[in-house]
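A look at the structure
As a plain string of letters, each chain reads:
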Amino acid sequence: MTVERKPTIREAYVEASSFLQGHRVNEAASCAELLLQHLCGWSRSELLLRWQELFPVERLEEWRRLLERKAAGEPVQYIIGEQEFYGLPFTVNPAVLIPRPETELLVEQVVLLGRKLWSDGSARHKRNDVGADHAERAADRKPDMRQAEGELRLQRREPPLVADIGAGSGAIAVTLAVQCPEWRLMSSDISPAALAIARDNARRNGVEGRVAFLEGDLLKPYIEQGLRLDAVVSNPPYIPEADEEGLQPEVRLYEPPSALYGGKDGLELYRRLIAQLAELAAMPSLVGLEVGMGQASAVAQMLSAAAKWDEVQIIPDLAGIDRHVIAVRYNEPEMQTGSVE
Ligand code: GLN
């Protein structure tokens, strides 16, 4: 690219847009704007206010490198290290999936349904089962205290415990923690590198300590700790392996394969996750899953076969694609017969 000798910010933007467009970059203008904001360390409104200032020529080399990376196909979010989700800033790197706008709808639904389910800010649990004892051990409760609470434990009200499976950047769990200060959040991922980013994002958004992060495969860490989850939310990898070739290069070449592919038919992680639900101390009252195109009815059937629900909803995204499957039970959590020894 060529840049005139003393370009303004606006001129640098116009030139960068057409440079990126020439390299067939999608949304070239908005990428140019984001990269310019990143280079200057400015917000969007600051950029618009300072449009006519001179471009910092001493940053020209750096600017060219940013544009080259974008022109080569790297997602702009990895270049600038950030993606906004539900109005909050999330740090991203190639160890995590870039949070997508459709996932905001999943969070929104979970917030709405969760508030309906736990309208007084608490979940009502029967606590006289093996799972509850495990949960209390996990929470380090003293045996004498447990004794003293006696029958009260049967109907004690507690803040709901919501688990986000496959934390990635932490977009789902961190947003839920910000939106619902009365909920307890847990979030797990099999990738330690993803968990490190998710923890950063909890800190960055002021909910450090409100989200407990666990390393492990799907529901395993919760099963092992005997935790009683009120809700399970997940946007698991769901792209069928055979579809890899058809993906946009930005996704295929840059986003982590472990966050993208869901086995042969894309449903592998739903199968495993839904099978694991029965191993939890109790069946959650809410399960909210994001799904790929054409997968909603298969996932809804799997959920319906796994437990009794009051409703299993399929929710389309803004493009009209069935994108979320949400199963809800409005009465008390079912005891899992399998958990009684
Ligand atoms: N939960 C994260 C998100 O929705 C990561 C999902 C994933 O890696 N499949 O963005």
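Residues numbered from 1 in each chain as written. Predicted model: local features only at pLDDT ≥ 70, side-chain atom pairs only at ≥ 80, totals over all residues. Heavy atoms only, no water.

Examining the site of the ligand
- Near the ligand the following residues occur: Leu-97, Pro-99, Thr-103, Gly-166, Ala-167, Gly-168, Ile-172, Asn-235, Pro-236, Pro-237 and Ala-259.
- One nitrogen or oxygen atom from the main chain of Gly-166 is found 2.9 Å from a nitrogen atom belonging to the ligand.
- For the ligand, the accessible surface in isolation is 300 Å², of which the surrounding protein chains cover 96%.
- Here the shell around the ligand is built from residues that sort into seven nonpolar, four polar and no charged. (Near = heavy atom within 4 Å. Polar contact = N/O pair within 3.5 Å; in protein donor to acceptor, adjacent residues only side chain to side chain. Areas by Shrake-Rupley, 256 points an atom, 1.4 Å probe, with all protein chains shown as cover. Nonpolar A, V, L, I, M, F, W, Y, C, P; charged D, E, K, R; others polar.)

Looking at the UniProt feature "binding site: substrate" (unreviewed entry) in the chain
- When the UniProt feature table is mapped to this numbering, "binding site: substrate" (unreviewed entry) covers Asn-235, Pro-236, Pro-237 and Tyr-238.
- With respect to the helices and strands, the residue Pro-237 is situated in the loop between strand E8 (231-234) and helix H12 (249-252).
- Look at Pro-237 and you get buried, because its relative accessible area is 12%.
- Not counting the four nearest positions on each side in its chain, Pro-237 is found in contact with Ser-258, Ala-259, Leu-260, Tyr-261, Gly-262, Gly-266 and Leu-269. (UniProt positions renumbered as here; feature names shortened; annotations may be inferred. Helix = DSSP H or I, 4+ residues; strand = E, 2+ residues; numbered from the N terminus. Buried < 20%, exposed > 50% of the residue type's maximum accessible area, 1.4 Å probe, protein only. Contact = heavy atoms within 4.5 Å.)

Remarks on the sheet that holds strand E10 (residues 311-316)
- Pairing in this open sheet of seven strands is mixed, and the strands run E7-E6-E5-E8-E9-E11-E10 from one edge to the other. In this open sheet, the two edge strands, each paired with only one partner strand, are strand E7 (211-215) and E10. Going across the sheet, the axis of each strand differs from the next one's by a mean of 15 degrees, ignoring polarity.
- With four bridges connecting them, E8 and strand E9 (residues 286-290) associate as parallel partners. Along E9, the bridge assignment pairs Ala-231 with Leu-286.
- Each of strand E6 (184-189) and E7 is contacted by helix H10 (residues 192-204), which is oriented at about 175 degrees to E7, the strand it contacts most.
- Helix H14 (residues 268-277) contacts strand E5 (161-165), E8 and E9 of the sheet and is inclined by roughly 175 degrees relative to E9. (Pairing = 2+ DSSP bridges. Axes fitted to C-alpha atoms, helices over the stretch in contact; angles between N-to-C directions.)

Thoughts on helix H4 (residues 60-71)
- Taking 1.5 Å per residue as the helical rise, H4 with its twelve residues ought to reach 16 Å, and the 16 Å between its terminal C-alpha atoms agrees with that figure.
- For H4, the set of buried residues is Leu-60, Trp-63, Leu-66, Leu-67, Lys-70 and Ala-71. Mapping the buried residues of H4 onto a view down its axis gives an arc of 135 degrees, with all of them on the same face.
- Elements that come into contact with the buried residues of H4 comprise helix H1 (9-22), helix H2 (28-40), helix H5 (76-80) and H12. (Expected span 1.5 Å × (residues − 1). Arc of directions from axis to C-beta.)

Re the nonpolar core
- Counting 38 residues, the largest nonpolar core has Tyr-222, Val-232, Tyr-270, Ile-274, Leu-277 and Leu-303 as its most contacted members.
- Contributions of two or more residues to this core are made by E5, H14, E9, helix H15 (296-306) and strand E11 (322-328).
- Here Tyr-270 is in contact with Pro-236, Tyr-238, Leu-289, Glu-290, Val-291, Gly-292, Gln-295, Val-299 and Met-302, once residues within four sequence places are set aside.
- Ala-123, Val-162, Ala-167 and Ile-315 belong to the second-largest nonpolar core, a separate cluster that totals 34 residues. (Core = buried A, V, L, I, M, F, W, Y, C linked by side-chain atoms within 4.5 Å.)

A look at the side chain of Lys-70
- Mapped onto the secondary structure, Lys-70 falls in helix H4.
- Within the structure, the side chain of Lys-70 is placed 2.9 Å from the backbone oxygen of Glu-74, a separation counted as a polar contact.
- If near-sequence neighbours (up to four positions away) are discounted, Lys-70 is found in contact with Leu-20, Val-25, Cys-31, Leu-35, Pro-75, Val-76, Ile-79 and Glu-250.

Some details on the pattern of salt bridges
- Overall, the coordinates contain 16 salt bridges when judged by the stated rule.
- Across the salt bridge formed by Glu-33 and Arg-44, the nearest N and O atoms sit 2.3 Å from each other. Here Glu-33, found in helix H2, pairs with Arg-44, found in helix H3 (residues 44-49); they are eleven residues apart in sequence, far enough to count as distant.
- Take Glu-33: its relative accessible area is 12%, and that puts it in the buried class.
- Owing to a relative accessible area of 47%, Arg-44 belongs among the partly exposed residues under this scheme.
- Note that Glu-61 and Arg-64 form a salt bridge whose closest N and O atoms lie 3.5 Å from each other. A residue pair is termed a helical-turn pair when its members lie 3 or 4 positions apart in one helix, as Glu-61 and Arg-64 do in helix H4 at three residues.
- One salt-bridge network, held together by shared partners, links Glu-46, Arg-50 and Glu-53. (Salt bridge = Lys/Arg side-chain N within 4 Å of Asp/Glu carboxyl O.)

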